[in-house]
Amino acid sequence: MLALLDTATGQITPFEPRDPGQLSVYLCGPTVSGVFHLGHGRYAIVWDTLRRYLTWSGLEVRFVSNITDIEDKIIARAAEEGRSTDEVAARYEAQWWELMDALDVLRPTVDPHATAYVDDMVQLVSDLVARGHAYEGADGVYFSTESLPGYGLLAHQDLDELRAGARVEVDQEAGKRSPLDFVLWKKSRPGEPAWPSPWGPGRPGWHTECVVMSLDLLGEGFDLHLGGLDLMFPHHENERAQAVAVGKAFAQRWAHNGMVVDERGEKMSKSVGNISSLPELLEHYEGRVLRVLVLQAHYRSPMRVTPEALDHAQGALSRMDNFAREARGLPVASPDPGTLARFKWRMDDDFDTPGALAVIFGAVRDARADPARAPALAAAVRECCEEALGLFLPWEEESVGKEVADLIAKRDAARARGDWAEADSIRSALQAMGYVVEDGPEGTVARRQG
Ligand SMILES: [Zn+2]
């Protein structure tokens, strides 16, 4: 059984699912305001791989991940583009799922949207006010962090330490009593999207949606809450605080993935050159290259991304692709048990994907050195890659039908003459037929979705 570091306790302990044989998981999903960078790609790939591995290990995984479709960044983007917030959210949500398909990330079991849960959020905020854990200020309703003993558990700091480090955003959130307090409900200014509430028209604060949706869809005491390390404080702390304040058992354990950093070790965000934008990266590299890149780093470590690191991942993937092609003629065999056992041993030890990839590369080397063992080793590599890592190699002859081949040729011609609208519409047509479409160095590459 997988043992994973629990951020709340700092201990690496095996899972003990609330319901035997099942695992209930919540992952904080994207705000669909149009800025998707490699950090989004990393968390999506890391937790998709964890989900696939747990499923391969025999657990039934219920994987809930939300879409934040109302938030300040979406309102700002809507104003910039002269569109409604609904249009902006729908457009970038569609882009998000396209990116996830290109990365072979499975769709969540349920993908709740914040705007569908506003009534429930109003209910939670009312409950918090009634219990004395929240108060109304001039511009919104705030959670009183001082009212909750144990606030700071995830950050491993007490209230005084947190307070010393807190920045007061004076202009925004003027109604706060303490810098650590956080907004539960924002009163709307004229022209902003608004829902009715006991405190007048407004919209929910970001920290409230995940509490309401995770408890509704997974129930109290669900097994595992996931997210990026940048969300641990304050977002996850604030989620937990609200659940505890209304007397509900929240996530049993927490896991956080490390950040994507540049050469200097600084957190990469949208502003760092073209290699941080996820859509732009996927113009130059296959989604599978990014998966190899991500899995080569331990999920909790900072991931350094440089052009050399990307080339290295590309090289590693090419070697695996070549091996899979060479293995096509081999007789069918059952997977080598030693390789499977070593792979599992690595993965079960706090999700050591770099170690697990090393086991796979070792098996590839052994298969080349010892033809008698090659069929069993190839079968083990295939099972580990496809079932546990979500990494799809060309084990079978890739034959696209004539219709698909024609569309690919038409799309390349459209791109060559700069007709992007036509190229995009052919891409959509191929996607509708179940293909992942990528722009490779030699033109359009379409492959069946994994
Ligand atoms: Zn969240």
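Here the structure is shown first, and the text comes after it.
Note that this is a predicted model, so its numbers are computed, not measured.

Novice: Can you tell me about the overall build of the protein, naming the residues and giving the values?
Specialist: Helix and strand counts for the protein come out as 15 helices and 14 strands. Taken over C-alpha atoms, the radius of gyration comes to 24 Å for the protein, in line with the 22 Å a tight globule of 450 residues would show. With the C-alpha coordinates of the protein rotated into their principal frame, the extents come out at 70 × 55 × 40 Å. Looking at the protein as a whole, 54% of its 450 residues qualify as buried. When contacts within the protein are restricted to residue pairs at least 6 apart in sequence, those whose partners lie at least 24 apart make up 73%. Carbon and sulfur atoms provide 51% of the accessible area of the protein, an area that totals close to 19700 Å².

Novice: Requested: an account of helix H4 (residues 118–130), with residues and values cited.
Specialist: Across its 13 residues, H4 extends 18 Å between first and last C-alpha, which sits within 8% of the 18 Å expected from 1.5 Å per residue. Listed in full, the buried residues belonging to H4 are Val118, Met121, Val122, Leu124, Val125 and Leu128. All buried residues of H4 fall inside an arc of 160° around its axis, so they share one side. More than 90 degrees from the buried face of H4, the exposed residues found are Asp119, Gln123 and Ala130. Two residues or fewer past H4, glycine 132 is found with a positive phi of approximately 80°.

Novice: Summarise the coordination of the zinc ion; cite the residues concerned and give the values.
Specialist: Taken together, Cys28 (SG), Cys210 (SG), His235 (NE2) and Glu239 (OE) make up the full set of protein donors to the zinc ion, lying 2.1 to 2.2 Å away. Considering all 4 donor atoms around the zinc ion, angles at the metal cover 77 to 124° and the coordination shape is irregular. Spacing between the donor residues of the zinc ion along their common chain follows C-x181-C-x24-H-x3-E. Of this pair, cysteine 210 sits in helix H6 (residues 206–218) while glutamate 239 sits in helix H7 (residues 229–245), and the two are 29 residues apart along the sequence. Taking relative accessible area as the criterion, cysteine 210 reaches 0% and is therefore assigned buried. On the basis of relative accessible area, glutamate 239 is assigned to the buried category, the value being 0%.

Novice: Pulling in residues and values, what's your account of the sheet that holds strand S4 (residues 60–65)?
Specialist: Here 4 strands make up an open sheet; going across it, the order is S4-S3-S9-S10 and the pairing parallel. The sheet terminates laterally at S4 and strand S10 (253–257), the two strands that pair on one side only. Shown here is a sheet whose adjacent strand axes are inclined to one another by a mean of 25°, direction ignored. As defined by bridge partners, strand S9 (residues 224–228) adjoins S10 across 5 bridges and the pair is classed as parallel. For leucine 224, the partnering residue across the bridge sits in S10 and is arginine 253. On the sheet, helix H1 (residues 38–56) packs against strand S3 (22–27), S4, S9 and S10 and is oriented at approximately 135° with respect to S10. With respect to the sheet, H6 is in contact with S3 and S4, its orientation differing from that of S3 by roughly 160°.

Novice: So, the pairing of strand S1 (residues 3–6): which residues are in play, and what are the values?
Specialist: Bridge count between S1 and strand S2 (residues 11–14): 4 bridges; the pairing is antiparallel. Note on S2: the bridge partner recorded for leucine 4 is threonine 13.

Novice: Describe the pattern of salt bridges, with residues and values.
Specialist: Taken as a whole and assessed by the stated rule, the structure comprises 27 salt bridges. A salt bridge links arginine 288 to glutamate 286; the shortest N-O distance between them is 2.8 Å. A relative accessible area of 6% places arginine 288 in the buried class. Bridged by salt links that share partners, the residues Asp72, Lys186, Arg189, Glu192 and Arg203 form one connected network.

Novice: Summarise the sheet that holds strand S5 (residues 134–136); cite the residues concerned and give the values.
Specialist: Read from one edge to the other, the open sheet built from 4 strands follows the order S5-S6-S7-S8, with strand pairing classed as antiparallel. Of all the strands in the sheet, just S5 and strand S8 (202–204) have a single pairing partner and so form its edges. The sheet shows a mean angle of 20° between the axes of neighbouring strands, direction not considered. Direction of pairing for strand S6 (residues 140–143) relative to strand S7 (residues 182–187): antiparallel, over a ladder of 4 bridges. Of the residues in S7, the one forming a bridge with valine 141 is tryptophan 185.

About the cut-offs
- Residues numbered from 1 in each chain as written.
- Predicted model: local features only at pLDDT ≥ 70, side-chain atom pairs only at ≥ 80, totals over all residues.
- Heavy atoms only, no water.
- Helix = DSSP H or I, 4+ residues; strand = E, 2+ residues; numbered from the N terminus.
- Rg over C-alpha atoms; globule rule 2.2 N^0.38 Å.
- Buried < 20%, exposed > 50% of the residue type's maximum accessible area, 1.4 Å probe, protein only.
- Contact = heavy atoms within 4.5 Å.
- Areas by Shrake-Rupley, 256 points an atom, 1.4 Å probe, with all protein chains shown as cover.
- Expected span 1.5 Å × (residues − 1).
- Arc of directions from axis to C-beta.
- Donors = N, O, S within 2.8 Å, 3.2 Å for Na, K, Ca; no water.
- Tetrahedral: all angles 85-135°; square planar, octahedral: opposite > 155°, others 65-115°.
- Pairing = 2+ DSSP bridges.
- Axes fitted to C-alpha atoms, helices over the stretch in contact; angles between N-to-C directions.
- Salt bridge = Lys/Arg side-chain N within 4 Å of Asp/Glu carboxyl O.

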